[in-house]
Amino acid sequence: MNQIYFGPGIQRYTERVLSTVHGQYDDRRVRELSDRLVERIRRELPDVIRNGDDRHTYPGCVNLSFAYVEGESLLMALKDVALSSGSACTSASLEPSYVLRAIGADEDLVFGIGRFTTEEEIDYTADKCIQEVRRLRDMSPLWEMVQDGIDLKSIKWSQH
């Protein structure tokens, strides 16, 4: 059998085309998984904020804030899920980033989704997150006050 030699130019062109095709598939798949995670969590939990734009963002980085839940507590409760809390610019501090404060979010968790992430992993993560947020909110006096109809912004908190 004779081999046909295409030369480096054709090989690079073929690699670019395949890379583009695979990249588009990966982007679409990761976006579907990202949407699945966010939709499942939002369907079950009130007061969940997606930080950033829903469509004009990298779909493999899902940044969520859960009102009335301390980010570090949720991070510890989800030990078997790969995620991070906060941003790189505030990694040495437990304070929320200045960017999140500017958009009105308190604390955040960042879920990473990649080309090898499965639907089963997304469903597990969503279910576990929903379970833990509910558990932590049940222990939160602020959540209880909001459920009782108290506007937290109207309270004059005293310092000790």
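Our subject is the structure that appears above.
Calculation notes
Residues numbered from 1 in each chain as written. Predicted model: local features only at pLDDT ≥ 70, side-chain atom pairs only at ≥ 80, totals over all residues. Heavy atoms only, no water. Helix = DSSP H or I, 4+ residues; strand = E, 2+ residues; numbered from the N terminus. Buried < 20%, exposed > 50% of the residue type's maximum accessible area, 1.4 Å probe, protein only. Contact = heavy atoms within 4.5 Å. Areas by Shrake-Rupley, 256 points an atom, 1.4 Å probe, with all protein chains shown as cover. Phe/Tyr/Trp six-rings, centres within 6.5 Å; stacked < 30°, edge-to-face > 60°. Lys NZ or Arg CZ within 6 Å of the ring centre and 35° of its normal. 1 Å grid on protein atoms, 1.4 Å probe; cavity = no way out; pocket = protein on both sides within 12 Å on 5 of 7 lines; lining within 4 Å. Points joined across faces, edges and corners; volume = space filled by probe spheres on them. Nonpolar A, V, L, I, M, F, W, Y, C, P; charged D, E, K, R; others polar. Pairing = 2+ DSSP bridges.

*Asks:* I tried to follow the overall build of the chain on my own but got confused; where do I start?
*Replies:* Within the chain one finds five helices and four strands. Secondary structure elements in the chain, listed N-terminal to C-terminal, are α-β-β-α-β-α-β-α-α. By residue count, 34% of the 160 residues in the chain fall in the buried class. Within the chain, residue pairs in contact and separated by at least 24 positions form 69% of the contacts whose partners lie at least 6 positions apart. Carbon and sulfur atoms form 53% of the exposed surface of the chain, whose accessible area is close to 11,200 Å².

*Asks:* Would you mind going over the environment of I49 with me for this structure?
*Replies:* For I49, the location among the structural elements is in strand 1 (residues 48–50). Exposure remark for I49: the relative accessible area of 39% places this residue in the partly exposed category. When neighbours within four sequence positions are excluded, I49 is seen to be in contact with R42, N63, L64 and S65.

*Asks:* When you look at the packing of aromatic side chains in this model, what are you seeing that I'm missing?
*Replies:* One pair of aromatic rings is described through two measures. These are the centre distance and the angle between the planes. Following the criterion strictly, the structure yields one aromatic pair and no others. Aromatic side chains Y68 and W143 sit 5.6 Å apart centroid to centroid with 50° between the ring planes, which places their arrangement in the tilted category. Pair noted here: Y68 is in the loop between strand 2 (61–66) and helix 2 (71–77) and W143 is in helix 5 (residues 141–147), with a separation of 75 residues, a long-range link. Seen from the ring of W143, R137 lies directly overhead, with NZ or CZ sitting 4.5 Å from the centre.

*Asks:* I would appreciate a short explanation of the layout of surface pockets in the present structure.
*Replies:* Unoccupied space between atoms shows up once a probe the size of one water molecule is rolled over them. By volume, the second largest pocket amounts to about 200 Å³. As for the second largest pocket, its lining consists of L37, D80, V81, A82, F111, G112, I113, T117, E121, I122, Y124 and T125. At the level of secondary structure, the elements contributing two or more residues to the lining of the second largest pocket comprise strand 4 (109–112) and helix 4 (119–138). The element that contributes the greatest number of residues to the lining of the second largest pocket is helix 4, accounting for four residues. Class assignment for the residues of the lining of the second largest pocket results in seven nonpolar, three polar and two charged.

*Asks:* Would you mind going over the pairing of strand 2 with me for this structure?
*Replies:* Working note: regular strand, side chains alternate between the two faces of the sheet. Among the six residues that make up strand 2, five are buried, leaving the element largely enclosed by the rest of the structure. Relative to strand 2, strand 1 is paired through three bridges, and the arrangement is antiparallel. Bridge assignment links R50 to a residue of strand 2, and that residue is L64.

*Asks:* Is there a simple way to think about the pairing of strand 4 in this case?
*Replies:* Two strands pair when backbone bridges link them, and strand 2 and strand 4 are joined in this way by four bridges, in the antiparallel orientation. Looking across to strand 4, one finds that N63 is bridged to V110. Relative to strand 4, strand 3 (residues 83–85) is paired through three bridges, and the arrangement is antiparallel. When the bridges of strand 4 are listed, L83 appears paired with F111.

*Asks:* Just checking my understanding: could you explain the environment of A126 for this structure?
*Replies:* Following the sequence through the fold, A126 ends up in helix 4. The contact partners of A126, leaving out residues within four places of it in the chain, are L37, R40 and I41.

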